[in-house]
Amino acid sequence: MKRPSLVAIFAHPDDEAFGPAGTIAKYAQDHEIYLICATRGEAGENFLDDTTRSIGEIREQELRASAKLLGVKQVFLLDYEDGSLCNNKYHDIAGKVKTILDAIRPEILLTYELRGVSGHLDHVAMAMITYFLFYKLPYTKKMISYVTMREVTDELRDYFIYVPHGFRRERVDEVVDVKEFWELKKQAIAQHTSQKLDVSRMLESMNKFPKEEYFLVHKKPIPNL
Ligand SMILES: [Zn+2]
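In what follows, the accompanying structure is described.

What counts, and at which threshold
- Residues numbered from 1 in each chain as written.
- Predicted model: local features only at pLDDT ≥ 70, side-chain atom pairs only at ≥ 80, totals over all residues.
- Heavy atoms only, no water.
- Buried < 20%, exposed > 50% of the residue type's maximum accessible area, 1.4 Å probe, protein only.
- Helix = DSSP H or I, 4+ residues; strand = E, 2+ residues; numbered from the N terminus.
- Pairing = 2+ DSSP bridges.
- Right-handed = clockwise from strand over helix to strand, strands pointing away.
- Core = buried A, V, L, I, M, F, W, Y, C linked by side-chain atoms within 4.5 Å.
- Contact = heavy atoms within 4.5 Å.

1. Considering the pairing of strand E2 (residues 32-39)
Along any regular strand, the residues point their side chains to alternate faces of the sheet. Burial analysis of E2 places eight of its eight residues in the buried class, the great majority of the element. Judged from the six bridges that link them, strand E1 (residues 5-10) and E2 form a sheet pairing that is parallel. By the bridge assignment, Val-7 is partnered in E2 with Tyr-34. Of the pairings in the sheet, the one linking E2 to strand E3 (residues 74-80) comprises five bridges and is parallel in character. Of the residues in E3, the one forming a bridge with Leu-35 is Val-75. One crossover worth recording links E2 to the parallel E3 by way of helix H3 (residues 55-70), and it is right-handed.

2. As for the nonpolar core
Counting residues in each nonpolar core, the largest one holds 62 residues, and the members touching the most others are Ile-36, Val-97, Leu-101 and Met-126. A per-element tally of this core places helix H6 (residues 121-136) first, with seven residues. Setting aside residues no more than four positions away along its own chain, Leu-101 makes contact with Val-7, Ile-9, Ile-36, Pro-106, Leu-109, Leu-133, Leu-137 and Tyr-139. The next biggest cluster of nonpolar side chains, apart from the first, holds six residues, and it includes Val-147, Met-149, Tyr-214 and Leu-216.

See below:
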């Protein structure tokens, strides 16, 4: 029997690892997992000495290695410029994501909460597009959007001009126990070696928090607000 599928939709290489890596690995046990990434993350720093490859090429390879560890069947890169996901590309991006989704017909979509977790505007754009497609497409049944906890965002105050407040545990819809996948998540994060500083910061901070990931769960029809 065909396994159900889940498509994770993000903006940058490392969003899958720093975000809901444990949940992706958990779903991979009984779902076909696909990952769509809008950019190659070429605005990120490069702590490697490798001058033979561009930062975009390096980060694409890091993403593919991380995705493989997590059990992702296929990665789709949309080839947008890192940091450029804005209104005038909105429909274009949504069209490209829709074409991929129409071929897969996934039951579940996974993305960030609408404020993009960290407040990165590329994340916000991809979250908005995913929400739009979730409610529009006939075959999607459930969408889970990744959120972080208040304690985590309290540590990120100066990361962007505005880092949205994280959630209180009791306000999330689903808490996924990812204890079993914690080491794998660390390994996925460690694949992003060009982002050494973020990687070490993340690995250190992970030790302080429960081995859990948190989501809002969306079902159809669209709720009355
Ligand atoms: Zn990102």
